[in-house]
Amino acid sequence: MSSYVTDSAWGTGAASYSSDGALLDVWFERFGLGAPSAVEADVSVSRCDIRDVETRPIQVAIDSLANDPVDAGDVYLRLHLLSGRHIRPHQASLVGIFGLLSNNAWTDLGPTRADRIEEARAMARRKGHMLRVDSVDKFPRMTDYIVPTGVRIADASRVRLGAHLASGTTVMHEGFVNYNAGTLGNSMVEGRIAAGVVVGDGSDVGGGSSIMGTLSGGGKEIVSIGKRCLLGANAGLGISLGDDCVVAAGCYVTAGSKVTLPSGEIVKAAELSGADNMMFWTNTVTGTLEVKPRNAVWGSLNEALHQN
């Protein structure tokens, strides 16, 4: 399932290339939807001998975001569009991106090939610099490229480039937001928002909780959380929630979980996916997963916490 937009897109910025010609990353100084801008990137050619990387200006144009990406520059533009809030998750094709991105060592001097990090470290030491390696990954952290307005992020390493954080979002230290995923309004994120997951306005992803994405195990179902929902601490979710739902602390609801209804009937949780005003909890006497309709509010987000 997708809601790809057919808009064209453009970007101008700085690209890092390894000595073998591989494109390691792109930072877009200017980017947007529609016809390409006539403004060229204000970037000069430079070289970092420590990383064995050359930085050059780059211009990227995409005919339609519904088309699959064709190279790393194309991918980085789509990730920028997501984190820059030009598009929402699932509005651009990201098919095949892992094969287009290089695995980099992300250092305090910028990216370098992961397989030459020890050479870079040794050269940096000879020049009096202790190289810091923040991660070894195909994705950089979002805040090194884009800092969206109106958000708080306690640990920047836990939000990947390509995450979509709406104004009013707070991501606490143990919160995590993957690419092509994120929030659509005021949200508290203290748990894990996996790739492809979207959380609605006024919802709270509790500490230690986890929402199943679309990467591991070849899952195709796009999981979403509606408005004004609460995913309790250490809870887990593998189905979508409609609006005004609660999953109690420590309760894990997968698509195949057997859920007991108030009538005593037992159904798979997938049959309840997307329903509004539902409360899931584990009966501590019987150990069964139960659900009942809700007609009360769980509380709400603390407005003062989200005035970012």
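Everything that follows concerns the structure shown earlier in this document.
A. Seen up close, the packing of aromatic side chains. This model, assessed by the stated rule, comprises 4 aromatic pairs. Between Tyr 76 and Tyr 145 the ring centres are 6.4 Å apart and the planes differ by 40°, which places this aromatic pair in the tilted class. Remark: Tyr 145 occurs in the loop between strand E7 (133–137) and strand E8 (152–153) and Tyr 76 occurs in helix H1 (residues 72–83); sequence separation between them is 69 residues. According to the relative accessible area criterion, Tyr 145 is buried, its value standing at 12%. Here Phe 98 and Phe 139 contribute two aromatic rings whose centre-to-centre distance is 5.7 Å and whose plane-to-plane angle is 65°, an arrangement assigned as edge-to-face. Of this pair, Phe 98 sits in helix H2 (residues 97–100) while Phe 139 is found in the loop between E7 and E8, placing the two residues 41 residues apart along the sequence.

B. Expanded view of the pattern of salt bridges. Applying the stated criterion to the full structure yields 13 salt bridges. Between Arg 141 and Asp 134 there is a salt bridge, with its nearest N and O atoms 3.7 Å apart. Among the residues examined, Asp 134 registers a relative accessible area of 33% and is labelled partly exposed. A salt bridge links Asp 244 to Arg 228; the nearest nitrogen and oxygen atoms lie 2.8 Å apart. With a gap of 16 residues between them, Asp 244 in the loop between strand E19 (236–237) and strand E20 (246–247) and Arg 228 in the loop between strand E17 (224–225) and strand E18 (230–231) connect regions that are remote in the sequence. You can call Arg 228 partly exposed: its relative accessible area is 40%. Bridged by salt links that share partners, the residues Arg 132, Asp 134, Arg 141 and Asp 144 form one connected network.

The rules behind these values
- Residues numbered from 1 in each chain as written.
- Predicted model: local features only at pLDDT ≥ 70, side-chain atom pairs only at ≥ 80, totals over all residues.
- Heavy atoms only, no water.
- Phe/Tyr/Trp six-rings, centres within 6.5 Å; stacked < 30°, edge-to-face > 60°.
- Helix = DSSP H or I, 4+ residues; strand = E, 2+ residues; numbered from the N terminus.
- Buried < 20%, exposed > 50% of the residue type's maximum accessible area, 1.4 Å probe, protein only.
- Salt bridge = Lys/Arg side-chain N within 4 Å of Asp/Glu carboxyl O.

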